[in-house]
Amino acid sequence: QVIINESDRLASLVSDVLDLSKISSGIQPLQLQLADISDCVRDALKRFDYLKETQGYCFETEIEDGLFATVDELRLGQAIYNLIGNAVNYTGEDKRIIVRLKRETEGFRLTVQDTGAGIKPEEIKGIWDRYYRSTSTHKRPVQGTGLGLSIVKAVLENHGLDFGVNSVVGEGSTFYVYFPEFV
């Protein structure tokens with residue numbers, strides 16, 4: 001089982017490195033089309049259903065219907081999945097993740113919030129770097145390759161979207177993506 005787990009981890013790492021390289025180099029151009037971002041977020045959340053059932057995670061959602069943007073739906077879906085996965089890895093003992101997609105004055109905003117330890121101000125800039133790991137200790141082992149937020153950054157930058165994180169040490173972090181227009 002150890003060998004299988006390690007093989008899966010290495011395969012995931014290779015896949016993430018290839019994805020990041022393709023996105024960053026522009027080898028794989030975006031396939032832009034009008035997409036329902038509401039459905040995109042719901043689809044990403046469905047992939048975490050097993051965590052609710054097997055490990056007691058709680059996903060609180062507030063997703064407005066019918067929010068559209070012109071995006072590469074596959075790549076954006078990957079970025080949304082990575083943001084939620086990051087929240088799963090770093091949320092608090094309550095295992096609570098809050099996902100919102102809400103209309104604003106001139107667009108809409110996706111937020112993914114965890115209830116974890118938060119990010120120290122001096123570490124915020126580095127979280128988007130490849131293989132970055134917080135210096136804080138975590139009660140649960142963190143899963144992943146250390147490339148998730150780097151992939152998020154590359155995808156969102158290629159789309160020209162505004163994104164970032166607000167964090168308070170001891171209270172958790174909220175990652176956001178702002179979509180400037182909707183239909």
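Visitor: Would you mind showing me how to read the pattern of salt bridges here?
Guide: Between side chains of opposite charge, a pair can form when the charged atoms approach closely. If you walk through the whole model with that rule in mind, you get 10 salt bridges. For Arg42, the salt bridge identified is with Asp39, shortest N-O distance 3.6 Å. A residue pair is termed a helical-turn pair when its members lie 3 or 4 positions apart in one helix, as Arg42 and Asp39 do in helix α2 (residues 37–46) at three residues. The partly exposed category is assigned to Arg42, whose relative accessible area is 27%. Among the ionic pairs, Lys52 bridges to Asp49, the shortest N-O distance being 3.2 Å. Here Asp49 and Lys52 lie together in helix α3 (residues 49–55), a separation of three residues that amounts to about one turn. Since its relative accessible area comes to 29%, Asp49 is described here as partly exposed. Connected through salt bridges with shared partners, the residues Asp39, Arg42 and Asp65 form a single ionic network.

Visitor: Would you mind showing me how to read α2 here?
Guide: Along an α-helix, residues three or four apart share an orientation, since each turn contains 3.6 residues. Buried within α2 we find Ile37, Ser38, Cys40, Val41, Ala44 and Leu45. Around the axis of α2, the buried residues are gathered within 165° of arc, so they sit on the same side. The opening residue of α2, the one whose side-chain oxygen lies 2.9 Å from the backbone nitrogen of Ser38, is Asp36.

Visitor: How do you make sense of the packing of helix α4 (residues 73–90) against helix α5 (residues 148–159) when you look at a structure like this?
Guide: Each packed pair of helices is defined by two parameters, the angle between the axes and the distance between the axes. As a packed pair, α4 and α5 sit with axes 9 Å apart at the nearest point and diverge in direction by 145°. Every pair of crossing elements has a handedness; the one defined by α4 and α5 is left-handed. Residue-level contacts link Arg75, Leu76, Gln78, Ala79, Asn82, Leu83 and Asn86 of α4 to Gly148, Leu149, Ile151, Val152, Val155, Leu156 and His159 of α5. For the contact of α4 with α5, the class distribution of residues is eight nonpolar, five polar and one charged.

Visitor: How should the sheet that holds strand β6 (residues 162–168) be read in this particular structure?
Guide: Pairing between the strands of a sheet is mediated by backbone hydrogen bonds and can be parallel or antiparallel. Taken in spatial order, the five strands of this open sheet run β2-β4-β5-β7-β6, and their pairing is mixed. The open sheet terminates on both sides in strands that have one partner only, identified here as β2 (58–63) and β6. Sheet twist, expressed as the average angle between the axes of neighbouring strands with direction ignored, equals 15°. Of the pairings in the sheet, the one linking strand β4 (residues 96–104) to strand β5 (residues 107–114) comprises eight bridges and is antiparallel in character. Looking across to β5, one finds that Ile98 is bridged to Gln113. Against the sheet, α2 engages β2, β4, β5 and β7 (172–179), with an angle of about 175° to β2.

Visitor: Help me understand the packing of aromatic side chains, please; the structure alone is not making it clear to me.
Guide: Between two aromatic rings, the relevant description is the distance of the centres plus the angle of the planes. Inspection of the entire model under this criterion finds three aromatic pairs. Pairing Phe48 with Phe59 gives two aromatic rings, centres 5.9 Å apart and planes at 40°, and the pair type is tilted. Of this pair, Phe48 sits in the loop between α2 and α3 while Phe59 sits in strand β2, and the two are 11 residues apart along the sequence. No difference in accessibility class separates Phe48 from Phe59, as the two residues are buried. Between Phe108 and Phe179, the aromatic rings sit 4.7 Å apart at their centres with planes inclined by 15°, giving stacked as the arrangement. With Phe108 in strand β5 and Phe179 in strand β7, this pair connects stretches of sequence that are 71 residues apart. Each member of the pair, Phe108 together with Phe179, is buried. Cluster of aromatic residues (ring-pair linked, three or more members): Phe48, Phe59 and Tyr81. Residue placement shows Arg47 over the ring face of Tyr81; its charged tip is 3.8 Å from the ring centre.

What counts and what doesn't
- Residues numbered from 1 in each chain as written.
- Predicted model: local features only at pLDDT ≥ 70, side-chain atom pairs only at ≥ 80, totals over all residues.
- Heavy atoms only, no water.
- Salt bridge = Lys/Arg side-chain N within 4 Å of Asp/Glu carboxyl O.
- Helix = DSSP H or I, 4+ residues; strand = E, 2+ residues; numbered from the N terminus.
- Buried < 20%, exposed > 50% of the residue type's maximum accessible area, 1.4 Å probe, protein only.
- Arc of directions from axis to C-beta.
- Polar contact = N/O pair within 3.5 Å; in protein donor to acceptor, adjacent residues only side chain to side chain.
- Axes fitted to C-alpha atoms, helices over the stretch in contact; angles between N-to-C directions.
- Left-handed = near helix turned anticlockwise from the far one by under 90°.
- Contact = heavy atoms within 4.5 Å.
- Nonpolar A, V, L, I, M, F, W, Y, C, P; charged D, E, K, R; others polar.
- Pairing = 2+ DSSP bridges.
- Phe/Tyr/Trp six-rings, centres within 6.5 Å; stacked < 30°, edge-to-face > 60°.
- Lys NZ or Arg CZ within 6 Å of the ring centre and 35° of its normal.

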